[in-house]
Amino acid sequence: MINFSSKLLALLQPEVKIVVLTGAGISAESGLATFRGPGGLWKNYRPENLATPEAFARDPQLVWEWYNFRRDQVRQHAPNPGHHALVQLEARFPDFVLITQNVDGYHRRAGSKKIYELHGNIMQSRCSQCGRECEAGEELQREHLLYCACGALYRPGVVWFGEALPPGALQSAFAAAENAQVFFSIGTSAVVYPAAALPPVAAEHGAYLVEINPEKTPLTPLVDEFWQGQAGEILPALVHRIQQVSA
Ligand code: BV8
Ligand code: ZN
């Protein structure tokens, strides 16, 4: 069990500025495959080779097959206690911001409100020509491909490797990281940029850095506390401990 330090518990006063960055690991206990862990492969393809504009240009049908498979996974599973514990933290701390690399929409589904989705949302589609956006299922389907009313192909509403992140969300995420007093990096391998730059930026600006992951990552040497384990167990325990000390 994690022994939450008195130093961290003392920092977690009601007015504290908390920022949380999550990655695919927080959805692992929901049953969704992570990118780089076991199950991250799909039909022997690596995500990095499919989540690119080049892959979509080369074989849109294959890319859509992968995204439709992942959309079904998202529909079949649900947020887990880790997502719900973050909703409780947001309710307890007014100055709380959640930044996610995940595209599964599980934080919003669990009830989180102040979210910056850096890599988009898999349950949305965007026209590759006119930019029109729609929810999954509203597209015109022909064979395995999805078309916009303008006749062009829809693409999944996510940020692919080599593509710029949504500028608004990215700027807000860095501004939040620079002002954070406590920054949690949860369930991310900390290798995908620019998201992976957020925890070091927070630390450089004086934030107390906490990492939650069953494995060490390139970020681990930088953090103030490394809690080795599953987010779905550690986060509810943290919420419980905070309730105890403030009771
Ligand atoms: C950009 C959406 C420029 C799509 C995703 C060389 C060096 C440095 C950078 C680069 C480089 N070559 C290329 C780059 C840039 C590249 C990059 O960083 N590549 C990496 C691989 C080196 N970045 C980009 O291309 C970005 N764009 O730079 O554009 C630009 C600028 C201006 C104008 C034009 C262009 C775009 C990056 C976004 C890519 N899209 N997703 C989709 O999902 O289909 S990224 C993808 O990786 C997911 O979003 C995922 O979330 C993200 C990061 O992975 P993680 O979330 O960390 O997941 P991972 O599986 O890796 O790790 C899971 C962790 O959870 C593990 O540590 C595991 O131990 C842990 N875990 C497991 N179980 C649990 C757990 N933790 C807690 N509890 C558990 N139960
Ligand atoms: Zn269109």
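Everything numeric in this text was worked out from a predicted model, so none of it was measured. (Residues numbered from 1 in each chain as written. Chains lettered and ligands numbered in written order. Predicted model: local features only at pLDDT ≥ 70, side-chain atom pairs only at ≥ 80, totals over all residues. Heavy atoms only, no water.)

1. Quick notes on the overall build of the protein
Inference 1: Scanning the protein from terminus to terminus reveals 9 helices and 11 strands.
Inference 2: Taking 18 Å as the expected radius of gyration for a compact globule of 247 residues, we find that the protein reaches 19 Å, a close match to that expectation.
Inference 3: Referenced to the eigenvectors of the C-alpha coordinate spread, the extents of the protein come out at roughly 60 × 30 × 30 Å.
Inference 4: If you take every contact in the protein between residues at least 6 apart in sequence, the share linking residues at least 24 apart comes to 65%.
Inference 5: Of the roughly 11,600 Å² of accessible surface on the protein, a fraction of 52% belongs to carbon and sulfur atoms.
Inference 6: Distance between charge centres in the protein, computed from 20 positive and 24 negative side chains, equals 2 Å. (Helix = DSSP H or I, 4+ residues; strand = E, 2+ residues; numbered from the N terminus. Rg over C-alpha atoms; globule rule 2.2 N^0.38 Å. Contact = heavy atoms within 4.5 Å. Areas by Shrake-Rupley, 256 points an atom, 1.4 Å probe, with all protein chains shown as cover. Lys, Arg positive; Asp, Glu negative; His and termini not counted. Charge placed at Lys NZ, Arg CZ, Asp CG, Glu CD.)

2. Regarding the site of ligand 1
Inference 1: The environment of ligand 1 is made up of 34 residues, and the closest members are Phe35, Arg36, Tyr67, Ser189 and Gln230.
Inference 2: Within the backbone of glutamine 101, one N or O atom sits 2.9 Å away from an oxygen atom of ligand 1.
Inference 3: Within the backbone of glycine 187, a nitrogen or oxygen atom sits 3.2 Å from an oxygen atom of ligand 1.
Inference 4: For ligand 1, whose accessible area on its own is 1,500 Å², the fraction buried by protein is 73%.
Inference 5: Ranked by residues supplied to the shell around ligand 1, first place goes to helix H4 (residues 60-76) with 3 residues.
Inference 6: Per-class residue counts for the shell around ligand 1 are 17 nonpolar, 12 polar and 5 charged.
Inference 7: Each of domain 1 (1-32 + 79-119 + 164-247) and domain 2 (35-76 + 125-158) accounts for three or more of the residues forming the shell around ligand 1. (Near = heavy atom within 4 Å. Polar contact = N/O pair within 3.5 Å; in protein donor to acceptor, adjacent residues only side chain to side chain. Nonpolar A, V, L, I, M, F, W, Y, C, P; charged D, E, K, R; others polar. Domains from an automatic or database assignment.)

3. Points about the sheet that holds strand S1 (residues 18-22)
Inference 1: Read from one edge to the other, the open sheet built from 6 strands follows the order S3-S2-S1-S9-S10-S11, with strand pairing classed as parallel. Each edge of the open sheet is held by one strand with a lone partner, namely strand S3 (115-117) and strand S11 (225-228). Strand-to-strand twist in this sheet, taken as the mean axis angle between neighbours without regard to direction, amounts to 15°.
Inference 2: Sheet analysis places S1 next to strand S2 (residues 96-100), joined by 5 bridges and oriented parallel. When the bridges of S2 are listed, valine 19 appears paired with valine 97. (Pairing = 2+ DSSP bridges. Axes fitted to C-alpha atoms, helices over the stretch in contact; angles between N-to-C directions.)

4. Comments concerning the sheet that holds strand S8 (residues 154-158)
Inference 1: Ordered in space as S5-S4-S8, the 3 strands form an open sheet in which the pairing is antiparallel. Here the strands that pair on one side only, and so sit at the sheet edges, are strand S5 (133-135) and S8. Taking each pair of neighbouring strands and ignoring which way they run, the sheet shows an average axis angle of 40°.

5. Notes on the coordination of the zinc ion (ligand 2)
Inference 1: At this site the zinc ion (ligand 2) is bound by Cys127 (SG), Cys130 (SG), Cys148 (SG) and Cys150 (SG), with donor distances of 2.2 to 2.3 Å.
Inference 2: Classification of the site at the zinc ion (ligand 2) rests on its 4 donor atoms, whose angles at the metal span 103 to 124°, yielding the label tetrahedral.
Inference 3: Mapping the donors of the zinc ion (ligand 2) onto the primary sequence yields the spacing C-x2-C-x17-C-x1-C.
Inference 4: For cysteine 127, a relative accessible area of 4% translates into the label buried.
Inference 5: The class for cysteine 130 is partly exposed, based on a relative accessible area of 45%. (Donors = N, O, S within 2.8 Å, 3.2 Å for Na, K, Ca; no water. Tetrahedral: all angles 85-135°; square planar, octahedral: opposite > 155°, others 65-115°. Buried < 20%, exposed > 50% of the residue type's maximum accessible area, 1.4 Å probe, protein only.)

6. Some thoughts on the domain arrangement of the protein
Inference 1: Domain assignment breaks the protein into domain 1 (1-32 + 79-119 + 164-247) and domain 2 (35-76 + 125-158).
Inference 2: The C-alpha centroid of domain 2 is placed 28 Å from the C-alpha centroid of domain 1.
Inference 3: Taken together, the contact pairs 11 residues of domain 1 with 8 residues of domain 2.
Inference 4: Between domain 1 and domain 2 the total buried area reaches about 610 Å² when both faces are included, carbon and sulfur atoms providing 58% of it.
Inference 5: Of all residues in domain 1, the largest losses of buried area upon contact with domain 2 belong to Leu32, Val103 and His119, amounting jointly to 39% of the total for that side.
Inference 6: At the boundary of domain 1 with domain 2, the tally comes to 0 salt bridges.
Inference 7: Scanning the region where domain 1 abuts domain 2 turns up 2 residue pairs in polar contact (both at pLDDT 80 or more).
Inference 8: Of the residues that constitute the side of domain 1 that touches domain 2, the class distribution is 6 nonpolar, 3 polar and 2 charged. (Buried area = accessible area lost by both parts, 1.4 Å probe. Salt bridge = Lys/Arg side-chain N within 4 Å of Asp/Glu carboxyl O.)

7. Considering the environment of valine 210
Inference 1: One can find valine 210 in strand S10 (residues 208-213).
Inference 2: Taking the C-alpha atoms as reference, valine 210 lies 41 Å from glutamate 139; in sequence the two are 71 residues apart.

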